[in-house]
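Overview (structure and organization)
One-letter residues, chain by chain:
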Amino acid sequence: MLYALICTDKHGALQTRLDNRAAHLEFLKGLGDSLKAAGPFMDDDGNMTGSLVVIEAANRDEILAISQEDPYAAAGLFESVEIRPWNWAIKNPETK
């Protein structure tokens, strides 16, 4: 099943994000084919304010464990992380 991680950064935490970005990107690359999409949310000034990450996992426990291993989570970047099952219905490259 696909899960969307909807992560909102703590207010004023841009430097924490920047300081941990390289480790976060390496972590995501290490997820291999289970990572389906990822990218930051932006404010109107172009600053990163959160993350959307879509990952395939067997169940909620697995996705929760993955989310907690993210270097951003370990650094305390997120104000909140919402985990939602997601159905990629349109333009899914795996269901042509």
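Computed from a predicted structure; not experimentally measured.

1. Structural notes on the packing of aromatic side chains
The tally for this structure, following the rule as stated, stands at 2 aromatic pairs. Consider the rings of Tyr72 and Phe78, whose centres lie 6.0 Å apart with planes at 85 degrees: the pair is edge-to-face. Given a relative accessible area of 0%, Tyr72 falls into the buried group. By relative accessible area, which is 13% here, Phe78 ends up buried.

2. What about helix H1 (residues 14–29)?
Spanning 16 residues, H1 covers 22 Å between terminal C-alpha atoms, matching the ideal 22 Å at 1.5 Å per step. At Arg21, H1 shows its largest kink, close to 55 degrees. The set of residues buried in H1 consists of Arg17, His24, Phe27 and Leu28. Residues of H1 that are buried sit in contact with strand E1 (2–9), strand E2 (35–42), strand E3 (48–56), helix H2 (60–69), helix H3 (71–74) and strand E4 (78–86).

3. Here we look at the sheet that holds E1
Sheet architecture is open: 4 strands sit in the order E2-E3-E1-E4, paired in antiparallel fashion. The open sheet terminates on both sides in strands that have one partner only, identified here as E2 and E4. In this sheet, neighbouring strand axes are inclined to one another by 15 degrees on average, regardless of whether the strands run parallel or antiparallel. The sheet contact formed by E1 and E3 spans 7 bridges and is antiparallel. Bridged to Thr8 within E3 is Gly50. On top of the sheet, H1 reaches E1, E2, E3 and E4; it is set at about 20 degrees to E3, its chief contact.

4. A closer look at the pairing of E3
Across 7 bridges, the pairing between E2 and E3 is antiparallel. Residue pairing for E3: Leu35 is matched across the bridge by Ile55.

5. Topic: the nonpolar core
In this structure, Leu5, Leu31, Ile55, Ile63 and Ile66 are the most contacted members of the largest nonpolar core, which totals 16 residues. Among the elements that line this core, the one with the most residues is E1, at 3 residues. Sequence-distant contacts of Leu31, that is, excluding residues within four places in its chain, are made with Ile55 and Ile66.

Rules behind the numbers
- Residues numbered from 1 in each chain as written.
- Predicted model: local features only at pLDDT ≥ 70, side-chain atom pairs only at ≥ 80, totals over all residues.
- Heavy atoms only, no water.
- Phe/Tyr/Trp six-rings, centres within 6.5 Å; stacked < 30°, edge-to-face > 60°.
- Buried < 20%, exposed > 50% of the residue type's maximum accessible area, 1.4 Å probe, protein only.
- Helix = DSSP H or I, 4+ residues; strand = E, 2+ residues; numbered from the N terminus.
- Expected span 1.5 Å × (residues − 1).
- Bend = angle between axes of the 7 residues up to and from the residue.
- Contact = heavy atoms within 4.5 Å.
- Pairing = 2+ DSSP bridges.
- Axes fitted to C-alpha atoms, helices over the stretch in contact; angles between N-to-C directions.
- Core = buried A, V, L, I, M, F, W, Y, C linked by side-chain atoms within 4.5 Å.

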